[in-house]
Amino acid sequence: MIPVAHLRNTTTVIVHTSELGPCSDGRASAYLIHKVLPRAEIVEMAYNTRAHKSLATQRGLLFADFSPHACHVDDLLSVEPIVLDHHATAEKVVRRFKYGVYADAKADPGVSGAMLAYREVVIPLAPTFACAHCRYLQREAPCSCPSLVDLHEIALLVGIRDTWQTHSIDFEIASNLSAFLSFVALEDLLAMPPDEVLRQGQAMGPRIRAKTIAGARDAVRDATHLHIGPHHVLLFPGGVLSSEASTLAPKNGIVVAYDFLHEGDDIEPIDGLAGKD
């Protein structure tokens, strides 16, 4: 368990975003942590960008649904950042840190950055959670007030969608919530109470998703189709559509969506990959 005193010393929370737009899991992680550490700065950051590679070494860092670049690990060890991540590509980095917590997809299915934030940050700090139901708390057991229950629901649903638990009976409402989280402005999201986030997710999410699904359907229709061994590969521009497109792809289909990232004078290809069993 991460010491409560170390959690309270957090000054900067760095969460995952995409080069193509907000990540719902990163947004949910930021939201959950903000509710118990409201003074910490929230920074959205994408992997392998200039900002990621040039991150300054400082105390008080908390990474959620995100990890430091491998080139910074040795420098960061001395300042003991908190690192919460579930991306398989980050496992080796996460395990280097004293306060690193990694969620393995096989051992902990459905656990994404949001649930790690809930387990490792929200629950330990629940006695200081700033809501009317929790201000009086002086107990060891986790709070069961409505707001904290709603925070758990947000973490649970986002994890279902982010780790693609399509068999879950809650996958549809999870997808609606995730669409809303990726759409709403971060500052507006952080100001909302948890029950409002859940309500808006089901009120606005379906309309936001409908537009994305329509774009994914067009992308699958217009994709370049390649047959490589037993696989049917669909190649098209628009990496943000890769997840939804995978649900529309042929059986054994692999969706490869690409875009280009412009950073100053640098242009780098970026891609999204999704498969359908």
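Since this is a predicted model, take the numbers as computed values, not measurements.

**Student:** Please explain the overall build of the protein as it appears in this structure.
**Tutor:** Of regular secondary structure, the protein possesses eleven helices and nine strands. Of the roughly 13,700 Å² of accessible surface on the protein, a fraction of 54% belongs to carbon and sulfur atoms.

**Student:** Explain the pattern of salt bridges to me, please; I cannot follow it from the model alone.
**Tutor:** Where charged atoms of side chains with opposite charge meet at close range, the side chains can pair. Under the definition given, this model contains eight salt bridges. Salt-bridge contacts for Glu 91 lead to Arg 95; the nearest nitrogen and oxygen are separated by 2.9 Å. You can call Glu 91 partly exposed: its relative accessible area is 26%. Take Arg 95: its relative accessible area is 54%, and that puts it in the exposed class. Ionic contacts of the salt-bridge type, sharing partners, join the residues Asp 195, Glu 196 and Arg 199 into one network.

**Student:** What is the right way to look at the layout of surface pockets in this model?
**Tutor:** Empty space left among the atoms is revealed by rolling a probe the size of a water molecule over them. Counted as a void, the second largest pocket has a volume near 180 Å³. In terms of lining, the second largest pocket is formed by His 86, His 87, Ala 88, Tyr 102, Ala 105, Pro 109, Gly 110, Thr 163 and Gln 165. Here the lining of the second largest pocket is built from residues that sort into four nonpolar, five polar and no charged.

**Student:** Teacher, can you tell me more about the environment of Glu 172 here?
**Tutor:** Tracing the chain through its elements places Glu 172 in helix 8 (residues 171-183). You can call Glu 172 partly exposed: its relative accessible area is 47%. Polar side-chain contacts of Glu 172 include one of 2.8 Å to the side chain of Arg 209.

**Student:** What am I meant to see in the sheet that holds strand 2 (residues 41-45) here?
**Tutor:** Sheet strands associate in pairs through backbone hydrogen bonding, adopting either a parallel or an antiparallel arrangement. If you trace the five strands from one edge of the open sheet to the other, you get 2-1-3-4-5, paired in parallel fashion. Since the sheet does not close on itself, it has two edges, and those belong to strand 2 and strand 5 (99-102), each with one partner. For this sheet the average axis-to-axis angle between neighbouring strands, irrespective of direction, equals 15 degrees. Judged from the four bridges that link them, strand 4 (residues 82-85) and strand 5 form a sheet pairing that is parallel. From the neighbouring strand, Ile 82 faces strand 5, where its bridge partner is Tyr 99. Contacts between helix 2 (residues 24-36) and the sheet are confined to strand 1 (12-16), strand 2 and strand 3 (61-64), with strand 1 contributing the most and set at about 155 degrees to the helix. Contacts from helix 6 (residues 113-122) reach strand 3, strand 4 and strand 5, with the element oriented near 145 degrees to strand 4.

Calculation rules
- Residues numbered from 1 in each chain as written.
- Predicted model: local features only at pLDDT ≥ 70, side-chain atom pairs only at ≥ 80, totals over all residues.
- Heavy atoms only, no water.
- Helix = DSSP H or I, 4+ residues; strand = E, 2+ residues; numbered from the N terminus.
- Areas by Shrake-Rupley, 256 points an atom, 1.4 Å probe, with all protein chains shown as cover.
- Salt bridge = Lys/Arg side-chain N within 4 Å of Asp/Glu carboxyl O.
- Buried < 20%, exposed > 50% of the residue type's maximum accessible area, 1.4 Å probe, protein only.
- 1 Å grid on protein atoms, 1.4 Å probe; cavity = no way out; pocket = protein on both sides within 12 Å on 5 of 7 lines; lining within 4 Å.
- Points joined across faces, edges and corners; volume = space filled by probe spheres on them.
- Nonpolar A, V, L, I, M, F, W, Y, C, P; charged D, E, K, R; others polar.
- Polar contact = N/O pair within 3.5 Å; in protein donor to acceptor, adjacent residues only side chain to side chain.
- Pairing = 2+ DSSP bridges.
- Axes fitted to C-alpha atoms, helices over the stretch in contact; angles between N-to-C directions.
- Contact = heavy atoms within 4.5 Å.

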